[in-house]
Amino acid sequence: MSHAAFRSPDGTPIEVSATALASFRDELECTSVGIDDPHFDEIRQIWNAMIDRRPGLIVRCRHAEDVQRCVQFAGHHGIGVSVRGGGHNIGGRALADGKLLIDLSSDRSVQVDAETRTVVVRGGGLLSDVDTATAPHGLVVPTGIISETGIAGLTLGGGFGWLSRRFGLTCDHLRRVELVTSEGVSRAVDDEHHPELIWALRGGGGAPGVVTSFEFRAQRLNPMVVGGPHFRAPDELEDAIDRFRRLTARAPDELGCMLKLAAAPAAPFLPTAMHGRPVATTIVCHTGDAGRIDGDLDPLRSGVQPAADLIVSRPFVALQSMFDGGERKGRRNYWKSEYIGDLDDAIVAGLLDATQHLPSSSANIKVFFLGGAVSRISHESSAAAHRDARFIVVAATAWDDPAHDEANIGWVRETHARVYERSGRGGYINFLTEDVDPRERATAQAGVDLARLELIRRRYDPNGLFV
Ligand SMILES: Cc1cc2nc3c(=O)[nH]c(=O)nc-3n(C[C@H](O)[C@H](O)[C@H](O)COP(=O)(O)OP(=O)(O)OC[C@H]3O[C@@H](n4cnc5c(N)ncnc54)[C@H](O)[C@@H]3O)c2cc1C
């Protein structure tokens, strides 16, 4: 008897006898889920419902020993391996047809050593796990802005959020990992042991193995910040963008912010007449001295009658999950991003025009403010790209009915193309979709030594076991 659902890294079907498969599954301490399991379809689901791939077997690992067993089994039979952390990658890179899926999503614990400011996160940890563990100690690992995202993929691709301008990217805080490489052996990787490999894992866009734990250097942070959204009326889009430009022109590193152009939510704090109409929202997170916050936010607020101003003192942890509801799992999603140096008039004109043709109530354009510490950290310490960009523009949309795929995808492509025309830099490696073209893939890592990255990958994964 054979089990024909497995595939090699290049997609060739692999025969594994039922006896060999059963004996492997028996050896595991954790649960494994085969294609005939009634929960298989539910368990293989990831955040983006556009991705519909069927692994040969899902193993829900909770410790390194089982991960090693999986890699040894896959290596022995020549089966390709994919790894799931938080499952949030829009291109669905955690899932591959016929591969053995090492699913770490239930291995999420976090340990904090407040004295040495060391935070150790298991391979399936989410941003919320990290924030809730560190906040009581007045510590933080700077991550992204949606708390259900996985720390694994986010760190391996760079990781930016509200605190990046003050402290740098998530990967800039990565000190050490435990990595199971293609021989099925667990290695400690840091600047002393395997310096080339830790460089690649800091933002290089993936791992030649399975990271079972990440060790971060934490920053001190007052658990209370001043943050939240500031909404303007639909007929004030241009003024809102102009004020965002002025706000960012003189912002200190302690001010993280983002402009969002989207249909107004049907929220009780907004006038009913505004619901569903395109509005501009500036979301801020200020972590600096209380005495200077009003002055720093002056370009946003002075002389303005906002539709709603929800910028208040609140726990940083609360801000981190404030926007989770708009990004729920299981919808169809499509994005494109582009780093830019300047939010110039031509880009603004393109964004304003796109805002008048939003293809769904969830479609939006985000302009996230970068720079600060991100741009001051040396390229030598990590493989993260685009450190010199001041902003990243993201055109994104979510919908449910496949009949609306064309309209949504078309709008994103068109909006992105207008920004790319002016910028030509490339997008964020962690925002690449399934259908990305070779130019987009290459420009996402512009300025990074790709030959060096490839050499490292081949040294630790010579047979290309990991997809
Ligand atoms: C709603 C939403 C909001 C986001 N916000 C931000 C943001 O604010 N800032 C930002 O920088 N990015 C953001 N992202 C992008 C995010 O960083 C990427 O999608 C990232 O890939 C997610 O990581 P994950 O572990 O959840 O994903 P997964 O899909 O599980 O994995 C992504 C990639 O990492 C690999 N991987 C996962 N775990 C491991 C592991 N333990 N060892 C080795 N390889 C592993 C996978 O194989 C895959 O190739 C956001 C994404 C979403 C969907």
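Below, the structure is looked at part by part.

**What about the overall build of the protein?**
When helices and strands are counted, the protein shows 16 helices and 21 strands. Taken against the 2.2 N^0.38 rule, which gives 23 Å for 467 residues, the C-alpha radius of gyration of the protein at 22 Å falls within 12% of a compact globule. Dimensions along the principal axes, computed over C-alpha positions, put the protein at roughly 75 × 55 × 40 Å. Among the 467 residues that make up the protein, the fraction classed as buried is 57%. For the protein, restricting intrachain contacts to residue pairs at least 6 apart in sequence, the fraction spanning at least 24 positions comes to 74%. Counting only carbon and sulfur atoms, one obtains 49% of the accessible surface of the protein, whose full area is about 18,800 Å².

**A few points about the sheet that holds strand β8 (residues 118–122)**
What the five strands build is an open sheet, ordered β7-β8-β12-β10-β11; its pairing is antiparallel. Of all strands in the sheet, those with a lone pairing partner are β7 (110–113) and β11 (186–190), marking the two edges. Between one strand axis and the next, the sheet turns through 15° on average, direction left out of account. With five bridges connecting them, strand β10 (residues 174–180) and β11 associate as antiparallel partners. Among the inter-strand pairings, Arg176 is bridged to a residue of β11, identified as Asp190. Helix α4 (residues 127–134) rests against β7 and β8 of the sheet, and its axis sits at about 30° to β7.

**Things to note about unusual backbone geometry**
Its identity as a non-glycine residue notwithstanding, His194 has a phi of 60°, on the positive side. As for its placement among the helices and strands, His194 is situated in the loop between β11 and α7 (195–201).

**Comments concerning the pattern of salt bridges**
Counted by the stated rule, this structure contains 36 salt bridges. Two residues, Asp253 and Arg165, come together in a salt bridge whose shortest N-O distance is 3.7 Å. Note that Asp253 is positioned in the loop between α8 (237–249) and β15 (255–263) and Arg165 in helix α6 (residues 164–167), a separation of 88 residues in sequence. A network of salt bridges, in which partner residues are shared, links Asp41, Arg44, Asp52 and Arg54.

**Things to note about the site of the ligand**
Among the 32 residues in the neighbourhood of the ligand, the closest are listed as Val83, Gly85, Gly87, Phe160 and Tyr428. Within the backbone of Gly85, one N or O atom sits 2.7 Å away from an oxygen atom of the ligand. Backbone polar atom of Phe160 to a nitrogen atom of the ligand: 2.7 Å apart, as the coordinates give it. The protein chains hide 97% of the 950 Å² of surface that the ligand would expose on its own. Counting residues per element, the ones that place at least two in the shell around the ligand are β5 (81–84), α5 (151–156) and β12 (210–217). For the shell around the ligand, the element with the highest residue contribution is α5, accounting for four residues.

**So, the environment of Leu319**
Within the secondary structure, Leu319 sits in helix α11 (residues 316–321). For Leu319 and Gly228, which are 91 residues apart along the polypeptide, the C-alpha to C-alpha distance reads 6.9 Å.

**Overview of the packing of helix α1 (residues 18–27) against helix α3 (residues 64–77)**
Between α1 and α3, the shortest axis-to-axis distance is 10 Å and the interhelical angle comes to 165°. The angle between α1 and α3 falls in the class roughly antiparallel. For the crossing formed where α1 meets α3, the hand is right-handed. Across the interface between the two elements, Ala20, Leu21, Phe24 and Glu27 from α1 touch Arg69, Cys70, Phe73 and His77 from α3. Its residues placed into classes, the contact of α1 with α3 shows five nonpolar, one polar and two charged.

**Observations concerning the nonpolar core**
With 37 residues, the main nonpolar core has Leu261, Val284, Leu343, Leu351 and Val367 as its most contacted residues. Within the residue set of this core, elements represented by two or more residues are α8, β15, β16 (278–286), β19 (332–340), α12 (345–355), β20 (364–369), β21 (391–399) and α14 (405–423). Non-local contacts of Val367, meaning those with residues more than four positions away in its chain, are made with Phe244, Cys257, Met258, Leu259, Leu343, Leu351, Phe391, Ile392 and Val393. Judged by nonpolar contacts, the second largest core, of 34 residues, contains Trp47, Tyr339, Val374 and Ile392.

**Concerning the sheet that holds strand β4 (residues 57–60)**
Pairing is mixed across the open sheet formed by four strands, whose spatial order is β3-β4-β6-β5. In the strand order of this sheet, the two ends are held by β3 (31–34) and β5, each with one partner. Sheet twist, expressed as the average angle between the axes of neighbouring strands with direction ignored, equals 20°. By the bridge criterion, four bridges tie β5 to strand β6 (residues 100–103) in an arrangement that is parallel. In the sheet register, Arg84 faces β6, and the bridge partner there is Asp103.

**Considerations on the pairing of β20**
Most of β20 sits inside the fold, with six of its six residues counted as buried. Taking every second residue as pointing to the same face, both faces of β20 are buried, with Asn364, Lys366 and Phe368 on one and Ile365, Val367 and Phe369 on the other. Of the pairings in the sheet, the one linking β15 to β20 comprises five bridges and is antiparallel in character. Bridging across to β20, Leu259 finds its partner in Val367. In terms of strand pairing, β20 meets β21 through six bridges, oriented antiparallel. Bridge pairing in β21 links Val367 to Val393.

**Some points on the packing of aromatic side chains**
Each aromatic ring pair is characterised by the separation of its centres together with the angle its planes make. Evaluation of the coordinates by the stated rule reveals 13 aromatic pairs. Put simply, the rings of Trp47, Phe160, Trp162, Trp335, Phe368, Tyr428 and Phe431 pair up and form one aromatic cluster. Above the ring of Trp199, the side-chain terminus of Arg452 is found at 3.6 Å from the ring centroid.

Definitions and cut-offs
- For every chain, the first residue of the written sequence is number 1, and numbering continues from 1 onward in sequence order.
- Under the rules for a predicted model, residues below a pLDDT of 70 receive no local features and side-chain atom pairs below 80 are neither given nor counted, while totals for whole chains, interfaces and linings still include all residues.
- Hydrogen atoms and water are omitted, and side-chain values are computed over all heavy atoms in the structure.
- Strands are runs of DSSP state E lasting at least 2 residues, helices are runs of H or I lasting at least 4, and numbering of each runs from the N terminus.
- Our radius of gyration looks at C-alpha atoms and nothing else; its globule reference is 2.2 Å times the residue count to the power 0.38.
- Using a 1.4 Å probe on the protein chains alone, a residue whose accessible area is under 20% of its type maximum counts as buried, one over 50% counts as exposed, and one in between counts as partly exposed.
- Any two residues whose heavy atoms approach within 4.5 Å at even a single point are treated as in contact.
- In this description, accessible areas are obtained by the Shrake-Rupley approach with a 1.4 Å probe, and a residue is regarded as covered only by the protein chains that are shown.
- Here, a strand pair is defined by DSSP locating no fewer than two bridges between the strands.
- Only the contacting stretch of a helix is used when fitting its axis, a line to C-alpha atoms as for every element, and angles between N-to-C directions run 0 to 180 degrees.
- Should a side-chain nitrogen of Lys or Arg be within 4 Å of a carboxyl oxygen of Asp or Glu, the pair is scored as a salt bridge.
- For this description, a residue counts as near a given molecule or strand if any of its non-hydrogen atoms is within 4 Å of it.
- N or O atoms within 3.5 Å of each other form a polar contact, as long as, within protein, one can give a hydrogen and the other can take it, and as long as residues adjacent in sequence are counted only when both atoms are side-chain atoms.
- Here the angle decides the label: under 35 degrees means roughly parallel, over 145 means roughly antiparallel, 65 to 115 means roughly perpendicular, and every other value means oblique.
- Handedness of a helix crossing follows the sense of rotation of the near helix relative to the far helix, less than a right angle counterclockwise being left-handed and clockwise being right-handed.
- The classification used treats Ala, Val, Leu, Ile, Met, Phe, Trp, Tyr, Cys and Pro as nonpolar, Asp, Glu, Lys and Arg as charged, and all other residues, Gly among them, as polar.
- Only buried Ala, Val, Leu, Ile, Met, Phe, Trp, Tyr and Cys residues count toward a nonpolar core, and they belong to the same one when joined by side-chain atoms within 4.5 Å.
- Aromatic rings from Phe, Tyr and Trp, taking only the six-membered ring of Trp, are treated as a pair when their centres fall within 6.5 Å; an angle between ring planes under 30 degrees marks them as stacked, one over 60 as edge-to-face, and anything in between as tilted.
- Counted as over-ring charges are cases with an Arg CZ or a Lys NZ within 6 Å of the ring centre that also lie within 35 degrees of the ring normal.

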